[in-house]
Amino acid sequence: MHTIDIKNISKRFGTNQAVKDISFEVNPGEIFGLLGPNGAGKTTCLRMVLDIFKPDTGSITLFGGSLDEGKKDKIGYMPEDRGLYQDIPLERCLTYLSSLKGMSKTEIKEQLDINLEKFGLADHRKKKVKELSKGMQQKAQIIATLQHKPELIIIDEPFTALDPINTQLIKDILVTLKEEGTTIIMCTHQMHQVEELCDRILLMNEGEKVLYGKLNEIRKQYSGSDVIIESPNEVPQIPGISNIEKVNGTVRVGLENSLSPQDLLQNLIVNNIQIEKFQIAVPSLSEIFIQAVTKDGIDE
Amino acid sequence: MKKILLVIRSEVVNIFTRPSYLILTFGLPVLGFILFLVFTNLNQKETQAISEIFKESPTTVQTEGFIDQGGIIKNVPEFLQDGSFQEFENENSAKKALEDTLISAYYLINPDIYDTGEIIYVRPDFNPLSGNGQDWKMRELFAYNLFDGDGQLSALVQYPVDFIDQPLDPSITEGQDSELAFIVPYVTTILFYIVILSSASLLLNSVVSEKQNRVIEVIMLSVSPHQLLTGKILGLGFVGLLQSLIYTSVGFTLLKISGRSVEVPPTLNFSPSILIWGIIFFVVGFLIYASLMAGLGALVPNIREASQATFVVIAPMIVPMLFISIMLEQPHGPIATFLSLFPLTAPVAMMTRLASGGVPLWHPILAVILSLLTAALILRTVTGFFRSQTLLSGQEFKISLFFKAMIGKI
């Protein structure tokens, strides 16, 4: 059973068709990336999943059925617009939000102590939320999302306002949660931040599906026959090489169909070329996105 | 139920830890207490009843001049022989006296007074807000002289009749402090208007602030609209009721410890039952208006627009204030009866009537039933559009949107 099963959902706000006929599934225990530029319809999709917005057409199934009050406690949601009570102390705010998720007082205290320590907010627990920096509020919001150990975590733009250290902290936590079996949907326009985390992705643009599937397969689909070589020697002009381009101390070599990367590597070794790095050039998600949206039609 | 209790507790704790609420709820009574003590000490020797506070205080007599060119004023009645008037031969001398501040004003009675009926009143400090100074004294003086010094006739012409209310029940006699017969219902009306409005406004602020800091999106994924709305209404209703009880208790305590007593006229039904009715009508009034405010809060994008739109919701509550004179004169007349039974005006209007006394028991009972039914209907309607899509829409607020929502058209 899929954790989430979405079939042909669409949503229109006035004249703006925010989401057009989107279908996807999210499997248990995976990190699913809902990616795309600003205004692509990602947040609207998430809000329909969470029954915040009703889809105009299509159907949504969560944990095998529609979202009811009981299932709400299984979900941890961090919205794009951060939502915390600003005028009350952090500890009280998080305690209240946790209690609404069905946690007991003892559980809340125990879990809150751990999380505040883990996120470096233990010394700020008595401060009013509005007195915290943006980064701290972001971390507090993440605590509110994870506190009750949900089965499904939905986080919208999780790395906004975080410095590299805290970004890595969140990434590590998400990976740990995934290993523990938690299903995670991550929604972001910062594609480079999630390429290393996601198992599968849905790439959206202007409300439509652009790419959908396993990240590795999509990468393979979009990777060409180029290789990147780092070598103190000049790369010789071997038959089958279409072009050689020097990029930041490395050499990007374009291959024709007649020459495979393995053949090239063998050839370079035979020619006593010293190889420090030999890598098949895999495009980044951003590059794949640009390629996909500039092509006619939509790839699956 | 557990989540409703959590919402109630959160609302109560959040309000109780807000300095502005603490100052308003406890600081104001303490301030009142201090002022009352100071006032009491200053007047320690006087042991006047509280009703006397409302009686007219003695005013300083200011001498005014007059120039009688019509030859009307020949005698001054005894009660005006206190330096109220000084006659002048001509206007110049009166004007000089006025400039020298020997008199506060003067009247010029023209020779053609019988034809025109006009007297020129010269004052140095004309102020439309200060009324007409002491001109009533000149009326008395003038009338007295028109009737050749017959004070009784003069008084009868000026104030022909004095109606004395005689209740059918001979055991009820009107007290001397008839001011209280007006003041108590009037104060009750104002008090109920303020208490219900301020408590219901807490709900509006709570909803709008949760929308503005976007926490509503997280909350709605934890509780149902019904749980959230019910929790907020009960929590903030408790806070409002507590505030009202504190004010009332402090008021009575202050009176008691200062050794004063409330001298209530027997015509006023100011019994403990009115306190019970007060609590009941506060609750139903709060339920109605808090639900409406919550609905308004769900639709408005920010607190600024909320303040502007509040008038739409509270307008029915203002109606009894507009008709208060009629209601006080005829507490059991058709207008007062209708307003006290109509659910949107009943919480305020019925309290006005109850404070006036003589209301048949079935009237407040019917009013409570009708108000509760209305509150349930409004609560149900508001819960219908108190959902995330509306709360997060951020669309521009129009009055028509509110009415559409109330009839289920959004």
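For the structure itself, consult the block above.
What this report covers is the structure whose coordinates are included nearby.

Conventions used here
Residues numbered from 1 in each chain as written. Chains lettered and ligands numbered in written order. Predicted model: local features only at pLDDT ≥ 70, side-chain atom pairs only at ≥ 80, totals over all residues. Heavy atoms only, no water. Helix = DSSP H or I, 4+ residues; strand = E, 2+ residues; numbered from the N terminus. Buried < 20%, exposed > 50% of the residue type's maximum accessible area, 1.4 Å probe, protein only. Contact = heavy atoms within 4.5 Å. Areas by Shrake-Rupley, 256 points an atom, 1.4 Å probe, with all protein chains shown as cover. Pairing = 2+ DSSP bridges. Axes fitted to C-alpha atoms, helices over the stretch in contact; angles between N-to-C directions. Parallel < 35°, antiparallel > 145°, perpendicular 65-115°, else oblique. Left-handed = near helix turned anticlockwise from the far one by under 90°. Patch = residues over 30% accessible without salt bridge, like charges linked within 9 Å, V, L, I, M, F, W, Y side chains within 5 Å. Salt bridge = Lys/Arg side-chain N within 4 Å of Asp/Glu carboxyl O.

**Concerning the overall build of chain B**
For step 1, the next point in the chain: When helices and strands are counted, chain B shows 18 helices and 4 strands.
For step 2, the next point in the chain: Buried residues in chain B amount to 45% of all 410 residues.
For step 3, the next point in the chain: Counted over contacts in chain B with a minimum sequence separation of 6, partners at least 24 positions apart contribute 73%.
For step 4, the next point in the chain: Accessible surface, chain B as shown: approximately 21,800 Å² in total, 63% of it carbon and sulfur.

**Quick notes on the pairing of strand β1 (residues 4-13) of chain A**
Residue and element names in this part refer to chain A.
For step 1, the next point in the chain: Note that β1 and strand β4 (residues 57-62) share 5 bridges and pair antiparallel. Pairing of I6 across the sheet is with I60, part of β4.
For step 2, the next point in the chain: As paired elements, β1 and strand β2 (residues 16-26) share 7 bridges and run antiparallel to each other. The partner of R12 across the bridge, within β2, is Q17.
For step 3, the next point in the chain: Hairpin connection, β1 to β2: the antiparallel pair is bridged by 2 residues, and G14 has positive phi, about 60°.

**Details of the packing of helix α14 (residues 334-341) of chain B against helix α15 (residues 346-356) of chain B**
All names here are of chain B.
For step 1, the next point in the chain: For the pair α14 and α15, the least separation of the axes is 6 Å and the interaxial angle reads 135°. Taken together, the axis directions place α14 and α15 in an arrangement best described as oblique. In the crossing of α14 with α15, the sense of the turn from one axis to the other is left-handed. Contact residues: A336, T337, L339, S340 and L341 in α14; A346, A349, M350 and R353 in α15.

**Observations concerning a nonpolar patch on the surface**
Residues and elements named next belong to chain B.
For step 1, the next point in the chain: A cluster of nonpolar side chains, namely L361, W362, I365, L366, I369, L370 and L373, defines an oily patch on the protein surface of about 660 Å² accessible area.
For step 2, the next point in the chain: Along the polypeptide, W362 turns up in helix α16 (residues 362-385).
For step 3, the next point in the chain: Look at W362 and you get exposed, because its relative accessible area is 52%.

**Description of the sheet that holds strand β11 (residues 241-247) of chain A**
Residue and element names in this part refer to chain A.
For step 1, the next point in the chain: With antiparallel pairing, the 4 strands of this open sheet are ordered in space as β11-β12-β10-β13. Here the strands that pair on one side only, and so sit at the sheet edges, are β11 and β13 (277-280). When strand polarity is set aside, the average angle formed by the axes of neighbouring strands in this sheet is 20°.
For step 2, the next point in the chain: Sheet analysis places strand β10 (residues 227-230) next to strand β12 (residues 250-255), joined by 3 bridges and oriented antiparallel. Its bridge partner being in β12, I228 is matched across the sheet by R252.
For step 3, the next point in the chain: Across the sheet, helix α9 (residues 261-270) is in contact with β10, β11, β12 and β13; its angle to β13 comes to roughly 165°.

**What about helix α3 (residues 90-100) of chain A?**
For step 1, the next point in the chain: Of all 11 residues that make up α3(A), 9 are buried, and the element is covered over most of its length.
For step 2, the next point in the chain: Among the residues of α3(A), those classed as buried are A:L90, A:E91, A:C93, A:L94, A:Y96, A:L97, A:S98, A:S99 and A:L100.
For step 3, the next point in the chain: Residues of α3(A) that are buried sit in contact with α4 (105-118) and α5 (134-146) of chain A together with α1 (2-16) and α9 (215-219) of chain B.
For step 4, the next point in the chain: Note on α3(A): the residue one or two positions beyond its end, A:G102, has a positive phi of about 90°.

**Remarks on the pattern of salt bridges**
For step 1, the next point in the chain: Evaluated as defined, the whole model comprises 21 salt bridges over all chains.
For step 2, the next point in the chain: Salt-bridge contacts for B:K3 lead to A:D73; the nearest nitrogen and oxygen are separated by 3.0 Å. Here A:D73 lies in the loop between α2 (69-72) and β5 (75-78) and B:K3 lies in helix α1, a pairing that spans two chains.
For step 3, the next point in the chain: Judged by relative accessible area, B:K3 falls into the buried class, the value being 13%.

**Digging into the sheet that holds strand β8 (residues 200-205) of chain A**
Residues and elements named next belong to chain A.
For step 1, the next point in the chain: The strand order across the open sheet built from 6 strands is β5-β6-β7-β3-β8-β9, with neighbouring strands paired in mixed fashion. Strands at the two margins of the open sheet, each flanked by one partner only, are β5 and β9 (208-214). Averaged over all adjacent pairs, the angle separating strand axes in this sheet is 10°, with direction ignored.
For step 2, the next point in the chain: Both strand β3 (residues 31-35) and β8 contribute to a ladder of 4 bridges, which runs parallel. Each residue of the ladder has a partner; that of L35, found in β8, is L203.

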